[in-house]
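Structure assessment
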Amino acid sequence: MDKPNQNKTGQKMWGGRFSDNPSEIMQAINVSIDFDRKLYAQDIEGSLAHSEMLAAKGIITSEDKAAIHRGLAEIKAEIEDGTFPWSRELEDIHLNIEARLKDKIGEAAGRLHTGRSRNDQVATDFRLWTREQLEHFSARIGKLMRALLAQADANTDTIMPGFTHLQSAQPVTFGHHMLAYLEMFARDRSRFDDCRNRMNESPLGAAALAGTPYPIDRDMTAKALGFDRPMANSLDAVSARDFALEALSAATICATHLSRLSEEIVIWTSAQFGFIALSDKFTTGSSIMPQKRNPDAAELIRAKVGRIMGALTALTIVMKGLPLAYSKDMQEDKEPVFDAFEALDLALAAMTGMIGDMVPRKGRLADAAGAGFSTATDLADWLVRSLNMPFREAHHVTGSIVAMAEKQGTTLDALSLGDMQSVHGAITDDVYSVLSPLASASSRLSYGGTSPTRVAEQVARWKAKLS
């Protein structure tokens, strides 16, 4: 086994300052290769760009650059085929790759680190990785939005109850309900996109904290790595992790929306509601109750928000008291982000699958839409419009009619005209035009309302945007 803090030739990676090797405890707390090896592709990408720039500026020879590029390509192949000799004694991804590069090309490997530090190197790697994840989430959310849009398109006039306080409020359409979540996830996607654009600056070349005396070209490396520009302050470049905090914040909000939708799916699939059906693809059975079909995928998605929000809290606490520039505390930045993004990716994929899989039970939805006197507000509005009645009086008259229907155990649209006229004699049979759930929903023609006409317009708008 390699000696601690040494490459395979026995040379210490930290130079000549230390005369003894770290204790086992220090080695255990200091090592990060177990998780930061996830950054191998970004680390190699950054090294390729850096060495290309060093050669272009005459800081290293073209021969050294060629050897470095060849060695890095071999190392990437080893990592991806599982033959790379990982060493915990070499602490992190940067030293593992650097030591392996020296094994392969000798002295030229030592010139790769000219004009940079592990501080700007890891900041660059982490930004590159996070940027890729944000782009991935934008695409992943787009798929979920399309699944919601397909349900909305198929159910523009499917009537269901709308709720406040989880009590029947007013009838809405299932398509309208699906579009509400589409709007939420559209904002989530815009937050990921905004975060991606804001963080797209390169730390590479900031070195340890103060820059470097070598005549490097930071614009060249920034462009090579797809960044918009180099970061303007070297202290900020190596110490900033607000890009990761912002990404976790966006992830937490998105996970909250996923959790709310999951909660509705759990409720809707219960025997008491029976609003939708899910297939065996996204449900499980019970070990002792053969009738059960449990919405476990939705329940697990609902729980993911705890892990993701926990990651945001953890990283916030890590960063809250750190002076500029780099502190070893910042090694704790990656694991919570890795874990949170893995959880969000799985949750988005599962939710997209469930939305595509679920089947609205239209008959049950329609029956529930008429329950709880959900068209009472429509009756009050009709009294105001048709009889020029003050709304407060209309509210009182409607309350009396609701009490009558409740006593008879029927719905408002099933009451006789005579019954309603016994409360207020001016009521005409035109009142029935607003008392059915479909009529109620169809009357909500204001922009953003639940009328099937308005829902169809929003479906068309989103089809154009998502195409």
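Thresholds applied
- Residues numbered from 1 in each chain as written.
- Predicted model: local features only at pLDDT ≥ 70, side-chain atom pairs only at ≥ 80, totals over all residues.
- Heavy atoms only, no water.
- Helix = DSSP H or I, 4+ residues; strand = E, 2+ residues; numbered from the N terminus.
- Rg over C-alpha atoms; globule rule 2.2 N^0.38 Å.
- Buried < 20%, exposed > 50% of the residue type's maximum accessible area, 1.4 Å probe, protein only.
- Contact = heavy atoms within 4.5 Å.
- Areas by Shrake-Rupley, 256 points an atom, 1.4 Å probe, with all protein chains shown as cover.
- Lys, Arg positive; Asp, Glu negative; His and termini not counted.
- Charge placed at Lys NZ, Arg CZ, Asp CG, Glu CD.
- Phe/Tyr/Trp six-rings, centres within 6.5 Å; stacked < 30°, edge-to-face > 60°.
- Lys NZ or Arg CZ within 6 Å of the ring centre and 35° of its normal.
- Axes fitted to C-alpha atoms, helices over the stretch in contact; angles between N-to-C directions.
- Parallel < 35°, antiparallel > 145°, perpendicular 65-115°, else oblique.
- Left-handed = near helix turned anticlockwise from the far one by under 90°.
- Nonpolar A, V, L, I, M, F, W, Y, C, P; charged D, E, K, R; others polar.
- Core = buried A, V, L, I, M, F, W, Y, C linked by side-chain atoms within 4.5 Å.
- Patch = residues over 30% accessible without salt bridge, like charges linked within 9 Å, V, L, I, M, F, W, Y side chains within 5 Å.
- Salt bridge = Lys/Arg side-chain N within 4 Å of Asp/Glu carboxyl O.
- Pairing = 2+ DSSP bridges.

Now for the overall build of the protein chain. Regarding its fold elements, the protein chain presents 19 helices and six strands. Relative to a compact globule of 467 residues, whose C-alpha radius of gyration would be 23 Å, the protein chain shows 31 Å and is clearly more extended. Considering the protein chain as a whole, with its 467 residues, one finds that 48% of them fall into the buried category. Expressed as a percentage of contacts within the protein chain between residues at least 6 apart in sequence, the contacts between residues at least 24 apart total 73%. Of the roughly 21,500 Å² of accessible surface on the protein chain, a fraction of 52% belongs to carbon and sulfur atoms. Put simply, the protein chain has 52 plus and 60 minus side-chain charges, and the middle of one group is 1 Å from the middle of the other.

A negative phi holds for most residues other than glycine; trans holds for most peptide bonds. Across the junction of Leu324 and Ala325, the peptide omega takes the value 5°, indicating a cis bond. Of note, the phi angle at Glu91 is positive, near 75°, even though the residue is not glycine. In this fold, Glu91 is placed in the loop between helix H4 (62–81) and helix H5 (93–105). Given the relative accessible area of 5%, Glu91 is considered buried. Its identity is not glycine, yet Leu166 carries a phi of approximately 60°, on the positive side. Overall, Leu166 belongs to the exposed group, its relative accessible area being 51%.

The next subject is the packing of aromatic side chains. Counted by the stated rule, this structure contains 11 aromatic pairs. Seen from their ring centres, Phe126 and Phe338 are 6.4 Å apart, and the 85° between their planes marks the pair as edge-to-face. Of this pair, Phe126 sits in helix H7 (residues 118–154) while Phe338 sits in helix H13 (residues 334–357), placing them 212 residues apart in sequence. In this structure Phe126 comes out as buried when scored by relative accessible area, which is 0%. A relative accessible area of 7% means that Phe338 is categorised as buried. Ring geometry for Phe137 and Phe341: centres 5.2 Å apart, planes at 85°, overall edge-to-face. One end of the pair, Phe137, is in helix H7; the other, Phe341, is in helix H13, and 204 residues separate them in sequence. Each member of the pair, Phe137 as well as Phe341, is classed as buried. The rings of Phe126, Trp129, Phe137, Phe192, Phe243, Phe338 and Phe341 are connected pair by pair, giving a single aromatic cluster. Directly above the aromatic system of Phe126 lies the positively charged group of Lys334, at a separation of 5.8 Å from the ring centroid.

Two numbers describe how H4 lies on H5: the axes approach to 9 Å, and their chain directions differ by 120°. Taken together, the axes of H4 and H5 are oblique relative to one another. In this structure, H4 crosses over H5, and the sense of that crossing is right-handed. Here Ala67, Ile68, Arg70, Gly71, Leu72, Glu74, Ile75 and Glu78 of H4 come into contact with H5, specifically with Ile97, Arg100, Leu101, Lys104 and Ile105. For the contact of H4 with H5, the class distribution of residues is seven nonpolar, one polar and five charged.

Attention shifts here to the nonpolar core. Ranked by size, the top nonpolar core spans 74 residues in total, and within it Phe185, Leu258 and Leu344 carry the most contacts. Going through the elements one at a time, H7, helix H8 (174–198), helix H11 (242–268), helix H12 (296–319), H13, helix H14 (362–369) and helix H19 (452–466) are the ones with two or more residues in this core. For this core, the leading source of residues is H11, giving 14 residues. Ignoring any residue separated from it by four or fewer positions in sequence, one finds Phe185 in contact with Ile141, Leu144, Met145, Leu148, Cys254, His257, Leu258 and Leu261. In this structure, Met53, Ile75, Ile97 and Ala109 belong to the second largest nonpolar core, which totals 21 residues.

Checked against the element boundaries, Ala414 lands in the loop between helix H16 (391–408) and helix H17 (417–423). Along the primary structure Ala414 and Leu144 are separated by 270 residues, whereas in three dimensions their C-alpha atoms are 40 Å apart.

Together, Leu209, Leu235 and Leu324 make up an exposed nonpolar region whose accessible area comes to about 280 Å². Within the secondary structure, Leu209 sits in the loop between strand E3 (201–202) and helix H9 (218–224).

Mapped onto the fold, Lys304 is located in helix H12. One buried charged residue, Lys304, forms no salt bridge at all, with the nearest opposite charge on Asp339 at 7.7 Å. Every residue in contact with Lys304, bar those within four places of it in the chain, is listed here: Ala343, Leu346 and Ala347.

The subject of this paragraph is the pairing of strand E2 (residues 167–173). In terms of strand pairing, strand E1 (residues 159–164) meets E2 through five bridges, oriented antiparallel. Among the inter-strand pairings, Met160 is bridged to a residue of E2, identified as Val172. If you look at the hairpin formed by E1 and E2, you'll find two residues sitting between the two strands, and His165 has a positive phi there, around 60°.

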